[in-house]
Each structure stands twice: as structure tokens, then as C-alpha cells.
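The lines below spell out each chain.
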2 protein chains.
Amino acid sequence: PSHVEEVKKLMAEFAEHHGSAGRRVVITSGGTKVPLESRTVRFLDNFSSGRRGASSAKYFLDSGYAVIFLHRHRSLYPYTRLYTGVNLLDSLQLVTGKEDAGQILVDQNALPNIAKVLKRYQAVKAAGLLLPVEFNTLSEYLHLLKAAAQALSSIGSKAMFYLAAAVSDFYIPAYEMPEHKIQSSNGPLQIMKMVPKMLSPLVKDWAPKAFVISFKLETDPSILLERAWRALETYNHQTVVANVLDTRRGYVVVVTKDTQQELVLTDEEVQKEVEIEDRIVSNLTEAHSEFMSRQV
Amino acid sequence: PSHVEEVKKLMAEFAEHHGSAGRRVVITSGGTKVPLESRTVRFLDNFSSGRRGASSAKYFLDSGYAVIFLHRHRSLYPYTRLYTGVNLLDSLQLVTGKEDAGQILVDQNALPNIAKVLKRYQAVKAAGLLLPVEFNTLSEYLHLLKAAAQALSSIGSKAMFYLAAAVSDFYIPAYEMPEHKIQSSNGPLQIMKMVPKMLSPLVKDWAPKAFVISFKLETDPSILLERAWRALETYNHQTVVANVLDTRRGYVVVVTKDTQQELVLTDEEVQKEVEIEDRIVSNLTEAHSEFMSRQV
């Protein structure tokens, strides 16, 4: 994609900017789009609102990480995500009084906690702690992830990769893709190829010293752990966060080669709007500290 | 879907509410999601931001129509769409002065024309002229369109259907759908079936007196008109708005059984941000008037 070079530069500056002490995390978030035609009318997509990634970003920022947020265009965004369900125009009021006439005020009942959230968002922005990078298609995602890994290779084990995006397993190679909209009468879908797993080169070549977390989402709980272990064996990275579609907001298993820890929210915590990402991030930042100390 | 009954009632009230004189239009907008698994991780989608539908809604409202806006969840929305690219939190300012401290003001430079747009939005809302209805999947879309047609059948030829949504041609029947996430090793996609065209029952049974417009999007201009004619012959409705992917924002052809009219924006008009939907809607509202007068 055309903007990769530009983004690469921004990411390298971001890696430098925060000095040698700080930690950085690359969060990937949202689903990937796989075009079925080269002038695309139809595409294959993965279920993902980007909630996991956007929520986690907040907790990483709270824990002192600088965050590269590599996310699908229009997926949920840190802080702003809290107001995604609200129509902007339903939350504004025109001031009609004499003095401030023409000003537009936010209805703070329509946007709960907005003052607090806005303050925190502005502080994070002013400190340059959040670098947002957008992708749309699978191919953009792959190129940008590689660029991020290369940009952060200079900081070694202080870099974490938190790969929460829902990446397609399948794609149609450019040379097999029809140019025009597939006509209904011709049947819909070609044979698709497996997407090369990027975890392999990421772990082996691009960021060999980094702390790498992948996610495993299944719908069938009975195969979940086996899949997580297989991923760790195949890619040789540090951690898999395993979760099941139906329960993903209240239950995950953090799996390493030697351990597996269940993180669970109680009903009471769910009621109090505690987020499981808070737990995931505090588990992983601790593991990252240990990982860093072992590298020295 | 569970909310169809509830929405049906809202639509019937909406049809009644505006009396016997007014015209109503059902606008469909955005792409449809076709699940590939019954606990869905992957789905097939159609390219559509919902821009055509959301923009058209504004011009229909300006022309005195009451609008049922049947749109894909999170696709573009009338008026609000103008600010979709802007991060909400980047457009707000905390007031720190003594008197109004704690209030939050809109930065009107970040949201151009916001005061004017907000006023118009609030007027439309207060007059109850816009009924938003959301869908996600193909199946929800089909059920809701049928419900809308039935709700408006009482007003006969005063109802227009403006079917701008990008509806999938393919689906997987429930009985052939795998329950769980398709494992990568098993290959991605099953044989998909053709979606039954809803235009047939809409025109014949559900809303036989209504003025019905469908859209035809192709990537290959050479087959465009032939496809439009074929649709008119097959479904026996009034009008096809035909457009080509690359040029859809500046050029469409309004095709009826006897006529075809090209609507084109000049470069100058594009620069002045004239929208082609303005032209499409004024063409169609005029045609609707003629259509209504022929029915009496």
C-alpha cells in the first residue's frame, strides 16, 4: 500500500521519541477485509468490532506503555469507543442565550463521563503516547505489521506485540482474482489460498527479541487449549490469549509453554463494568517485566 | 429477527402519523452481512459505506418526504455522516474559565457547518420525519424490508422504495451452515446459494401500488445498461438507477422501460461539493409525481 513508507517513518520516530527506558506495545485490532474481486464489490470479513484492542490500549497506556494502535479503518478506537453507540448530533445542544449564542455544548448526560475521558484522551495525545495507524485489507495489515516490527526492532525486549486483530486465514492471490464484479450466475467464490502466517517471520526475523502475544478465538471450547498449544509450538512465541466467542468478555486463558492461567470476571465485576482487558493487560505487563529481566 | 414485530409497529405508526397527504420513502442503505458459520466468526460482505443512502435521505427530507431509513448497523447516517471521519474527542474542548468550568464546547472548526447541520437535524427529528431502522445480516434486511412494504401498503402510490443497499447475491442456507468456526485446514467456503430476489414479491405482492427504484452497480460499463433493462423486465418495477463503481459519485443513468437519462456532475460542480444524490432525488421525486397522477 502506498502509505506504508510514510507510516514506517512515523513509527520509527515514535520508537525513538520515548527514549530508551520506556516500553512500547503494538496493538493490532479489528478484522481484515479480503477482496474477492480486484475492483472490489464483495469481500470476506472477520467478525470483530475492535473492542478488545481498543479497550486494551487504555490499560496499556495506564500502565505506562506507548502504544502503536494498528487498527481496521472505522473499528473501535481507544476512549472514543465509549461513545460509539451514540449519534453525535443527538448529544449536542445549540446555545440560544444572548451571550454565548451560536456556541454548541455537549449534553453530558448523552455522553457519560465525557469530561473525565476527554481529559485523559487529551493528556495521552499531548504526551504523544498513542500512534494510530489504519488498515483496511489483509494485505495492508500484513505490510504495516512488518513495518511496525522493523521500526521497533531497535528497542529489543522492551517491545510487546499484542496481536488482537482478527486476521483472515484465507485470501485470493492477485493473479487469480477476477477483475470485475463476479456475476451472480457464475457462482460466487473461487478457491481461496491460506494466508501465510505472519507470526513466523515476526518471531524469527523482524522482532526476534520482542515479547509476542497472539490471540486464539474459537467457538468450540473443547478444542481451544489444544489450538493454543499448537500455536505456541509452531511459532515459538511467548503467549497465547485463548478465548471462546460466547464468553470472550468475561473469560480468557493466558497460555504459555509451561503455564495456563484462567482470568475470569465474577458476575459482580461484570455489573460494575470491570473489563476483562484490565486483567489481561496487568497479567501481560507483569509477564513482560519478567521476560525483560531474563533477557539482560 | 426478534425485533421485527416491534419495528413493524413503529413503521405502521410512522405510515399513519403523517396523514394521507404526505409521501413516504423507504431508503435501504449499506451492505449486508452473510454469515459463513452459525456461530459467526467469518462473513461475506458487500462494499458499501452507506453514503448513497444517507446522502439521498437528506434530499428526500428537503423535498418533503417522510423517510424510513433501513440501514446497516454503523453505516453512514443522514447529517451525522458529514462528521464520520472526525474523532469525536478531537472536536471537543473542556471549558476551564471560572463561570462555565466543566462545560464542554464543540470546536466548530473541527466540525464544519455543525451549527447549521445540527439545526436541520433537530428540526427533522422534532417533526418525526425520519424513522431509522437497523439491520446487520442479509436475513434481517429481508425481513425488515418486507415489514416496511406491508406497513406502507395502506398509502398505495404515495410510497416510494429506494433500494440503495448493496444486497448480497449469495448466502448459505441455515441447514448447510457449519455450527463452529471453519478450521483453516478444512478449506474456507461451502457452496453458496443464490439469494431469492426480493424485488419480485415486493412489486407483485407486498407493495403493488408503490413506486419502486432499484440500483445496479457494475464495474464493467459495457454491461451496465443491458443489466438494468434485464432487471426492469424481470421485476416489472419502475426505475433502475445504474452506476459504475469508479464513477458512481459523478455519473448515473436513470433507466425506465422507455427512457434513459444520464445525470452527470461537471468538474465545477464536484469542486463546489454538489452531490449527485441531489440530482437523482429531484429526478425521482418528479417521476413519482407523474406516477401518482397516472394512478388516479
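Residues numbered from 1 in each chain as written. Chains lettered and ligands numbered in written order. Predicted model: local features only at pLDDT ≥ 70, side-chain atom pairs only at ≥ 80, totals over all residues. Heavy atoms only, no water.

What should I look at first to understand helix α8 (residues 276–295) of chain A in this one?
Owing to its 3.6 residues per turn, the α-helix brings residues three or four apart onto one side. Residues and elements named next belong to chain A. Under the 1.5 Å per step criterion, the end-to-end length of α8 is 29 Å for 20 residues, consistent within 8% with the ideal 28 Å. Buried within α8 are the following residues: Ile-276, Glu-277, Ile-280, Val-281, Asn-283, Leu-284, Thr-285, His-288, Phe-291 and Met-292. Looking at the buried positions of α8, the neighbouring elements they touch are α2 (51–62), β8 (159–163), β11 (211–218), β12 (239–244), β13 (251–255) and β14 (260–264). (Helix = DSSP H or I, 4+ residues; strand = E, 2+ residues; numbered from the N terminus. Expected span 1.5 Å × (residues − 1). Buried < 20%, exposed > 50% of the residue type's maximum accessible area, 1.4 Å probe, protein only. Contact = heavy atoms within 4.5 Å.)

Is there a simple way to think about a negative patch on the surface in this case?
A cluster of acidic residues, A:Glu99, A:Asp100, B:Glu99 and B:Asp100, forms a negative patch on the protein surface. Within the fold, B:Glu99 resides in the loop between β5 (92–94) and β6 (104–106). For B:Glu99, a relative accessible area of 75% puts it in the exposed group. (Patch = residues over 30% accessible without salt bridge, like charges linked within 9 Å, V, L, I, M, F, W, Y side chains within 5 Å. Areas by Shrake-Rupley, 256 points an atom, 1.4 Å probe, with all protein chains shown as cover. Salt bridge = Lys/Arg side-chain N within 4 Å of Asp/Glu carboxyl O. Lys, Arg positive; Asp, Glu negative; His and termini not counted. Charge placed at Lys NZ, Arg CZ, Asp CG, Glu CD.)

It is not clear to me how the interface of chain B and chain A should be interpreted in this structure. Could you clarify?
Across the boundary between the two partners, chain B contributes 60 residues, which contact 60 residues of chain A. Of the roughly 5700 Å² buried at the junction of chain B and chain A (both faces included), carbon and sulfur atoms supply 61%. When the buried area of chain B at its contact with chain A is split by residue, B:Leu89, B:Ile104 and B:Thr219 rank highest and sum to 12% of it. Our count for the contact surface shared by chain B and chain A stands at 2 salt bridges. Across the pair B:Asp90 and A:Lys125 runs a salt bridge whose closest N-O atoms are separated by 2.6 Å. Counting across the interface, chain B meets chain A through 16 residue pairs in polar contact (both at pLDDT 80 or more). Elements represented by at least two residues in the side of chain B that touches chain A include exactly β3 (42–46), β5, β6, α3 (114–126) and β11 (211–218) of chain B. Take the side of chain B that touches chain A: its biggest share by element is 8 residues, from α3(B). Class assignment of the residues belonging to the side of chain B that touches chain A gives a composition of 30 nonpolar, 16 polar and 14 charged. (Buried area = accessible area lost by both parts, 1.4 Å probe. Polar contact = N/O pair within 3.5 Å; in protein donor to acceptor, adjacent residues only side chain to side chain. Nonpolar A, V, L, I, M, F, W, Y, C, P; charged D, E, K, R; others polar.)

In this structure, what is going on with the pattern of salt bridges? I would like to understand it.
Between side chains of opposite charge, a pair can form when the charged atoms approach closely. If you walk through the whole model with that rule in mind, you get 20 salt bridges over all chains. B:Lys8 serves as the salt-bridge partner of B:Glu5, at 3.7 Å between the closest nitrogen and oxygen. One end of the pair is B:Glu5 and the other is B:Lys8, both in helix α1 (residues 4–17) and 3 residues apart, which spans about a single turn. For B:Glu5, a relative accessible area of 55% translates into the label exposed. On the accessibility criterion, B:Lys8 (28% relative accessible area) is partly exposed. With a shortest N-O distance of 2.8 Å, B:Asp62 and B:Lys58 are connected by a salt bridge. Highlighted residues: B:Asp62 and B:Lys58, both in helix α2 (residues 51–62), separated by 4 residues, approximately one helical turn. For B:Lys58, a relative accessible area of 28% gives the class partly exposed. When salt bridges that share partners are traced, they join A:Lys58, A:Asp62 and A:Arg120 into one network.

Would you mind showing me how to read the packing of aromatic side chains here?
The geometry of an aromatic ring pair is captured by two quantities: the separation of the ring centres and the angle between the planes. Residues and elements named next belong to chain A. With the rule as written, the count across this model stands at 14 aromatic pairs over all chains. With a centroid separation of 5.1 Å and an interplanar angle of 80 degrees, the aromatic rings of Phe-60 and Tyr-162 are classed as edge-to-face. On the criterion of sequence distance, the pair formed by Phe-60 in helix α2 and Tyr-162 in strand β8 is long-range, its members being 102 residues apart. Of the two residues, Phe-60 and Tyr-162, both sit in the buried class. Centroid distance Phe-135 to Tyr-141: 5.2 Å. Interplanar angle 65 degrees. Geometry classified as edge-to-face. Given a relative accessible area of 1%, Phe-135 falls into the buried group. By relative accessible area, Tyr-141 is classed as buried at 4%. (Phe/Tyr/Trp six-rings, centres within 6.5 Å; stacked < 30°, edge-to-face > 60°.)

Looking at this structure, I do not really get the nonpolar core. What am I missing?
Grouped burial of nonpolar side chains is what soluble globular proteins tend to show. Counting residues in each nonpolar core, the largest one holds 84 residues, and the members touching the most others are A:Phe60, A:Val67, A:Tyr162, B:Phe60, B:Val67 and B:Tyr162. When residues no more than four places from it in sequence are discounted, the contact partners of B:Val67 are B:Phe14, B:Val25, B:Ile27, B:Ala57, B:Phe60, B:Leu61, B:Leu129, B:Leu130 and B:Leu131. (Core = buried A, V, L, I, M, F, W, Y, C linked by side-chain atoms within 4.5 Å.)

Would you take a moment to explain the sheet that holds strand β3 (residues 42–46) of chain A for this structure?
Where strands meet in a sheet, backbone hydrogen bonds hold them as pairs that are either parallel or antiparallel. Across the sheet, 4 strands lie side by side as β2(A)-β3(A)-β3(B)-β2(B); this open sheet has antiparallel pairing. Either end of the sheet is taken by a strand with one partner, and the two such strands are β2 (34–35) of chain A together with β2 (34–35) of chain B. (Pairing = 2+ DSSP bridges.)

I would appreciate a short explanation of the confidence of the model for chain A in the present structure.
Note: predicted coordinates in regions of low pLDDT should not be interpreted at a detailed level. Of the residues in chain A, 90% have a pLDDT of 70 or more, and the chain-wide mean is 89. Across the interface, the model reports ipTM at 0.85; the global pTM reads 0.88. (pLDDT = per-residue confidence, 0-100.)

Quick question: what am I supposed to make of the packing of α1(B) against helix α4 (residues 138–152) of chain B here?
Angle between the axes and distance between the axes: these two values describe a pair of packed helices. Residues and elements named next belong to chain B. The interhelical angle for the contact between α1 and α4, taken along N-to-C directions, is 30 degrees, at an axis separation of 9 Å. Between α1 and α4, the interaxial angle falls into the category roughly parallel. Taken as a pair, α1 and α4 cross one another with a handedness that is right-handed. For the pair formed by α1 and α4, the contact residues are Val-4, Val-7, Lys-8, Met-11, Ala-12 and Ala-15 on the first element and His-143, Leu-144, Ala-147, Ala-148, Gln-150, Ala-151 and Leu-152 on the second. Within the contact of α1 with α4, the residues separate by chemical class into 10 nonpolar, 2 polar and 1 charged. (Axes fitted to C-alpha atoms, helices over the stretch in contact; angles between N-to-C directions. Parallel < 35°, antiparallel > 145°, perpendicular 65-115°, else oblique. Left-handed = near helix turned anticlockwise from the far one by under 90°.)

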